[in-house]
Amino acid sequence: MTDDNPMEATDADEPRSHDGIPIRGYYFGEPVADLNALPRARWPDMLRPLRERTQRRAVGGLQSQEAVIAGQILVSDLMLEDAEARIRARDAPPPRMPRGAPPIKGSLRQVNFRLGPDEHARLLEAARLFGMPPTTLARVLTVRGVDVALYEERRNG
């Protein structure tokens, strides 16, 4: 995936699916549902967890004008739903931390990585939800993500 082409290429002969859902590919790391292969009643569930730009990418792949209009209306409805949820969450207590053991204290090693503006904004938003500094949340999520990856490798290996 490059900045010029954020849609990741997939092999044309390879079945395109993600968690059993037909997809057209990936856009900035998110699966782009192939809405043409899904009943319209399932569209909200497929689009709801995605960022708006990925939702719009999925709708842009629809084959009929009528379906595109219905998809655009759905994306607008999901945007309103998301805005309402943000308003409700603003005063709610912070959610529980992600699962897993907390990072172990001791001899520390420094890891550095850069985030793009959109990634950093999402980190700030998540850190606000958990009531912690962004660097602390990044550390916790990195350590826990590594633990999950290693567990999955052991489980599947």
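These numbers were taken from a predicted model, which means no experiment stands behind them. (Residues numbered from 1 in each chain as written. Predicted model: local features only at pLDDT ≥ 70, side-chain atom pairs only at ≥ 80, totals over all residues. Heavy atoms only, no water.)

Engineer: Any chance you could break down the overall build of the protein chain for me, citing the residues and the numbers?
Structural biologist: Scanning the protein chain for helices and strands turns up five helices and four strands. The linear arrangement of helices and strands in the protein chain, starting from the amino end, is β-β-β-β-α-α-α-α-α. Sorting the 157 residues of the protein chain into buried and exposed places 23% on the buried side. Look at the contacts in the protein chain between residues 6 or more apart in sequence, and 46% of them connect residues 24 or more apart. A total of about 11600 Å² of accessible surface is found on the protein chain, and carbon and sulfur atoms cover 54% of it. (Helix = DSSP H or I, 4+ residues; strand = E, 2+ residues; numbered from the N terminus. Buried < 20%, exposed > 50% of the residue type's maximum accessible area, 1.4 Å probe, protein only. Contact = heavy atoms within 4.5 Å. Areas by Shrake-Rupley, 256 points an atom, 1.4 Å probe, with all protein chains shown as cover.)

Engineer: Would you mind going over the side chain of E30 in detail, with residue names and values included?
Structural biologist: Examined against the element boundaries, E30 turns out to sit in strand β4 (residues 30–33). Residues contacting E30, with those up to four places away along its chain left out, are G25, P49, L50, R51 and T54.

Engineer: With reference to specific residues and values, describe the pairing of strand β3 (residues 21–27).
Structural biologist: As paired strands, strand β2 (residues 17–18) and β3 are joined by two bridges and run antiparallel to one another. Residue H18 lies in a different strand from β3, and its bridge partner there is I21. If you look at the hairpin formed by β2 and β3, you'll find two residues sitting between the two strands, and D19 has a positive phi there, around 55°. Sheet analysis places β3 next to β4, joined by four bridges and oriented antiparallel. The residue bridging G25 from the neighbouring strand is V32, located in β4. Connecting β3 to the antiparallel partner β4 that follows it, the hairpin turn spans two residues, and F28 within it adopts a positive phi of roughly 50°. (Pairing = 2+ DSSP bridges.)

Engineer: Give me the lowdown on the environment of L124, citing residues and values where you can.
Structural biologist: Tracing the backbone shows L124 in helix α4 (residues 117–130). With relative accessibility at 39%, the residue L124 sits in the partly exposed group. Placed 13 residues apart in sequence, L124 and L137 show a C-alpha to C-alpha distance of 9.2 Å.

Engineer: Go over the packing of α4 against helix α5 (residues 134–156) with me, naming the residues and quoting the values.
Structural biologist: Contact geometry of α4 with α5 gives a least axis separation of 9 Å together with a crossing angle of 95°. One way to sum up the angle between α4 and α5 is to call them roughly perpendicular. Across the interface between the two elements, L123, L124, A126, A127 and F130 of α4 pack against P134, L137 and A138 of α5. Of the residues that constitute the contact of α4 with α5, the class distribution is eight nonpolar, no polar and no charged. (Axes fitted to C-alpha atoms, helices over the stretch in contact; angles between N-to-C directions. Parallel < 35°, antiparallel > 145°, perpendicular 65-115°, else oblique. Nonpolar A, V, L, I, M, F, W, Y, C, P; charged D, E, K, R; others polar.)

Engineer: Explain the nonpolar core residue by residue, including any values.
Structural biologist: L35, L38, W43, L47, V59 and L62 are the most contacted members of the largest nonpolar core, which totals 18 residues. At the level of elements, β3, β4, α1 (43–47), α2 (52–60) and α3 (65–90) are the ones that each hand at least two residues to this core. For this core, the leading source of residues is α3, giving five residues. With near-sequence residues (within four places) excluded, L35 lies in contact with W43, L47, A58, V59 and L62. Judged by nonpolar contacts, the second largest core, of six residues, contains L123, A127, M132 and L137. (Core = buried A, V, L, I, M, F, W, Y, C linked by side-chain atoms within 4.5 Å.)

Engineer: Describe the pattern of salt bridges, with residues and values.
Structural biologist: Across all of its chains, the model carries seven salt bridges by this definition. Between R40 and E66 there is a salt bridge whose closest N-O contact spans 2.9 Å. Taken together, the residues R40 in the loop between β4 and α1 and E66 in helix α3 connect sequence positions 26 residues apart. Given the relative accessible area of 39%, R40 is considered partly exposed. A salt bridge links R122 to D118; its shortest N-O distance comes to 2.7 Å. In this pair, R122 and D118 both sit in helix α4, four residues apart, roughly one turn of the helix. Residue D118 is classed as partly exposed on the basis of its relative accessible area of 35%. Salt bridges sharing common partners tie together D45, R48 and E81. (Salt bridge = Lys/Arg side-chain N within 4 Å of Asp/Glu carboxyl O.)

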